[in-house]
Amino acid sequence: MWLDARGDIAAPPPAADLAATTAAAVGSATAVGGVAVAFGVWWAVSRSLDRFRLSQWTRE
């Protein structure tokens, strides 16, 4: 039986394999999110530069 800080019955702590799986999932999600943000920034900057270059090209 597991008790919390107040002495009430609590659920047992998660198993080690569940903690490892959760850590792997959070790490993977963070990596994918970081790549998605980096790609979005690259795409926005690239598009902005292309529009700028096109406007210069049109002026010439």
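Residues numbered from 1 in each chain as written. Predicted model: local features only at pLDDT ≥ 70, side-chain atom pairs only at ≥ 80, totals over all residues. Heavy atoms only, no water.

## With respect to the overall build of the protein chain
Scanning the protein chain from terminus to terminus reveals one helix and two strands. Mapped from its N terminus to its C terminus, the protein chain presents α and β elements in the order β-β-α. C-alpha extents for the protein chain along the principal axes are approximately 80 × 25 × 10 Å. Relative to its full complement of 60 residues, the protein chain shows a buried share of 0%. Total accessible area on the protein chain is roughly 5,400 Å²; 68% of this is exposed by carbon and sulfur atoms. On the protein chain, the mean spot of the 5 positive side-chain charges and the mean spot of the 5 negative ones are 21 Å from each other. (Helix = DSSP H or I, 4+ residues; strand = E, 2+ residues; numbered from the N terminus. Buried < 20%, exposed > 50% of the residue type's maximum accessible area, 1.4 Å probe, protein only. Areas by Shrake-Rupley, 256 points an atom, 1.4 Å probe, with all protein chains shown as cover. Lys, Arg positive; Asp, Glu negative; His and termini not counted. Charge placed at Lys NZ, Arg CZ, Asp CG, Glu CD.)

## Quick look at the pattern of salt bridges
Under the defined criterion, the tally for this structure stands at two salt bridges. Here Asp8 makes a salt bridge to Arg6, at a shortest N to O gap of 3.4 Å. In this structure Asp8 comes out as partly exposed when scored by relative accessible area, which is 36%. When its relative accessible area of 70% is taken as the criterion, Arg6 is described as exposed. Close ionic contact of Arg53 with Asp50 constitutes a salt bridge, the shortest N to O distance being 3.3 Å. Placement of the pair is Arg53 and Asp50 together in helix 1 (residues 16-59), with a separation of three residues, close to one helical turn. Using a relative accessible area of 48% as the deciding quantity, one classes Arg53 as partly exposed. Since its relative accessible area comes to 42%, Asp50 is described here as partly exposed. (Salt bridge = Lys/Arg side-chain N within 4 Å of Asp/Glu carboxyl O.)

## So, a nonpolar patch on the surface
Taken together, the side chains of Val37, Val41, Val45 and Leu49 define a hydrophobic patch exposed on the protein surface, amounting to about 340 Å² of accessible area. Classification of Leu49 as partly exposed rests on a relative accessible area of 38%. (Patch = residues over 30% accessible without salt bridge, like charges linked within 9 Å, V, L, I, M, F, W, Y side chains within 5 Å.)

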